[in-house]
Amino acid sequence: MISENERWILSFYRTSEISGSLFFGRLAKSLKAGPIQHDMTKHYADEAMHAWYWTDCLNKLGVEPLELGNAYQDQYLAAAGMPVNIMEILAITQVFERRVINQYAVHSRAAGVHELVKSTIDRIVEDEKWHIKWIRDALNKMESEYGKSTIDDTVERFLQADREVYAKTVREHEERIRELFPK
Amino acid sequence: MSTTLSTNDAKAKQALGEALKRPVEDLDDRILLNDLVAESFALIETVINIQEDLNIRLVQEDLRVVKTVGDLVRVCSQRLG
């Protein structure tokens, strides 16, 4: 069995992966055929699998996932405004994926993490590394269309939003986070 | 709703109708986009759909002034040249 706070954070991850999957699935359906459509379709499938890994992990730990409201990334739009084109979507995704990898690394290093949670994180992080790579490559290729400085400014805008959203999330769940990841 | 649409306006409105799966006749220029697409991620999907369909790129400045169907049709039409 795991604590209620552990159950909450694993459910939080699961909700976030589901939101990401649904979003990328819809976009993959909209995009014209080409390398971005190809990689975004895999990205969507990966996120769906990650949601399944967390569901399965929670079940194997003897609990059911909690039904949570908004996912972490839902708050990005309020903080940074809506991404309006595919470059902006990739920029916001790159920022989000970096946050995900950092969070999973923090969790994996925390004391007393269950082996099943650790192995689930390790499995997911391998995919997340590829997510960051394909998006970085796609953004590099977009420099001729959008301009490097526009792309850099867009990433910076979303980084700022991410810092705000992360700080707000930590404030809102301070007690849980202190117990899960004591300094 | 205006009765005479330029070719670009007509193309843009057609793309919006397809993205929303609604007949063009239902898309009065004065309708607020938030009333048509309540969820933020669905609005992003709609905007991307239109750009893919029309082969155009919108930027932040374009959408800053967009509130209604007519506004969105106008900025897409301008991007069509």
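Enquirer: What is the right way to read the overall build of chain A from this model?
Expert: Secondary structure assignment for chain A yields eight helices and zero strands. Listing each helix as α and each strand as β along chain A from the N terminus yields α-α-α-α-α-α-α-α. A compact globule built from 183 residues would reach a C-alpha radius of gyration of about 16 Å, and chain A, at 17 Å, matches this within 12%. Buried residues in chain A amount to 51% of all 183 residues. Sequence separation of 24 or more characterises 83% of the internal contacts of chain A that already satisfy a separation of 6 or more. Total accessible area on chain A is roughly 9,200 Å²; 53% of this is exposed by carbon and sulfur atoms. Taken as two groups, the 24 positive and 29 negative side-chain charges of chain A have centres that lie 1 Å from each other.

Enquirer: Explain the packing of aromatic side chains to me, please; I cannot follow it from the model alone.
Expert: The way to describe two aromatic rings as a pair is by their centre distance and the angle between their planes. All names here are of chain A. For the structure on display, the rule yields 11 aromatic pairs over all chains. Ring geometry for Tyr-13 and Trp-54: centres 5.3 Å apart, planes at 45°, overall tilted. Of this pair, Tyr-13 sits in helix α1 (residues 4–30) while Trp-54 is found in helix α2 (residues 35–60), placing the two residues 41 residues apart along the sequence. The exposure class assigned to Trp-54 is buried, which follows from its relative accessible area of 0%. Plain terms: the ring middles of Tyr-76 and Phe-96 are 6.0 Å apart, the flat faces sit at 80° to each other, and that makes the pair edge-to-face. On the criterion of sequence distance, the pair formed by Tyr-76 in helix α3 (residues 74–80) and Phe-96 in helix α4 (residues 86–109) is long-range, its members being 20 residues apart. The two residues Tyr-76 and Phe-96 agree in class, both being buried. Taken together through their ring pairs, the aromatic side chains of Trp-8, Phe-12, Tyr-72, Tyr-76 and Phe-96 make up a single cluster. The side chain of Lys-42 reaches across the aromatic face of Trp-130, ending 5.0 Å from its centre.

Enquirer: Teacher, can you tell me more about the pattern of salt bridges here?
Expert: Pairing between side chains becomes possible if they bear opposite charge and their charged atoms approach one another. Evaluated as defined, the whole model comprises 21 salt bridges over all chains. Two residues, Arg57(B) and Glu145(A), come together in a salt bridge whose shortest N-O distance is 3.4 Å. Of this pair, Arg57(B) sits in the loop between α3 (40–54) and α4 (60–64) while Glu145(A) sits in helix α6 (residues 143–146), on two different chains. Classification of Arg57(B) as partly exposed rests on a relative accessible area of 26%. Of the charged contacts in the structure, one is a salt bridge between Glu174(A) and Arg178(A), with a shortest N-O distance of 3.7 Å.

Enquirer: Just to check I follow, could you spell out the interface of chain B and chain A for this structure?
Expert: Size of an interface, as often reported, equals the accessible area lost when the parts are brought together. With 19 residues of chain B in contact, the opposing surface of chain A contributes 19 residues. Carbon and sulfur atoms supply 61% of the area that chain B and chain A bury against each other, a total of about 1,700 Å² over both sides. We note a salt bridge from Glu39(B) to Arg26(A), for which the minimum N-O separation is 3.7 Å. Linking chain B with chain A are nine residue pairs in polar contact (both at pLDDT 80 or more). Broken down by secondary-structure element, the contributors of at least two residues to the side of chain B that touches chain A are α3 and α4 of chain B.

Enquirer: Is there a simple way to explain the packing of α2(A) against helix α5 (residues 115–141) of chain A in this structure?
Expert: In a packed pair of helices, the relevant descriptors are the angle between the two axes and the axis-to-axis distance. Residue and element names in this part refer to chain A. The N-to-C vectors of α2 and α5 enclose an angle of 165°; their axes lie 10 Å apart at closest approach. Between α2 and α5, the angle falls in the class roughly antiparallel. Helix-helix and strand crossings are classified by hand; for α2 and α5 the assignment is left-handed. Residues of the contact of α2 with α5, tallied by class, amount to 13 nonpolar, four polar and eight charged.

Enquirer: Would you mind showing me how to read the packing of α4(A) against α5(A) here?
Expert: Residue and element names in this part refer to chain A. Orientation of α4 relative to α5, taken along the N-to-C sense of each, is 155°, at an axis distance of 9 Å. For the element pair α4 / α5, the angle class is roughly antiparallel. Crossing angle aside, the handedness with which α4 passes α5 is left-handed. The residue makeup of the contact of α4 with α5, split by class, is 15 nonpolar, five polar and seven charged.

Enquirer: Would you mind going over α2(A) with me for this structure?
Expert: Residue pairs spaced three or four apart in an α-helix point in one direction, given the helix's 3.6 residues per turn. Residue and element names in this part refer to chain A. Its 26 residues give α2 an end-to-end C-alpha distance of 37 Å, which sits within 8% of 38 Å, the value for a rise of 1.5 Å per residue. All of the buried residues in α2 are Asp-39, Met-40, His-43, Asp-46, Glu-47, His-50, Ala-51, Tyr-53, Trp-54, Thr-55, Cys-57 and Leu-58. The inward-facing, buried residues of α2 contact α1, α4 and α5. Downstream of α2 by a residue or two, Gly-62 has a phi angle that is positive, lying close to 90°.

Thresholds, definitions, all that
- Residues numbered from 1 in each chain as written.
- Chains lettered and ligands numbered in written order.
- Predicted model: local features only at pLDDT ≥ 70, side-chain atom pairs only at ≥ 80, totals over all residues.
- Heavy atoms only, no water.
- Helix = DSSP H or I, 4+ residues; strand = E, 2+ residues; numbered from the N terminus.
- Rg over C-alpha atoms; globule rule 2.2 N^0.38 Å.
- Buried < 20%, exposed > 50% of the residue type's maximum accessible area, 1.4 Å probe, protein only.
- Contact = heavy atoms within 4.5 Å.
- Areas by Shrake-Rupley, 256 points an atom, 1.4 Å probe, with all protein chains shown as cover.
- Lys, Arg positive; Asp, Glu negative; His and termini not counted.
- Charge placed at Lys NZ, Arg CZ, Asp CG, Glu CD.
- Phe/Tyr/Trp six-rings, centres within 6.5 Å; stacked < 30°, edge-to-face > 60°.
- Lys NZ or Arg CZ within 6 Å of the ring centre and 35° of its normal.
- Salt bridge = Lys/Arg side-chain N within 4 Å of Asp/Glu carboxyl O.
- Buried area = accessible area lost by both parts, 1.4 Å probe.
- Polar contact = N/O pair within 3.5 Å; in protein donor to acceptor, adjacent residues only side chain to side chain.
- Axes fitted to C-alpha atoms, helices over the stretch in contact; angles between N-to-C directions.
- Parallel < 35°, antiparallel > 145°, perpendicular 65-115°, else oblique.
- Left-handed = near helix turned anticlockwise from the far one by under 90°.
- Nonpolar A, V, L, I, M, F, W, Y, C, P; charged D, E, K, R; others polar.
- Expected span 1.5 Å × (residues − 1).

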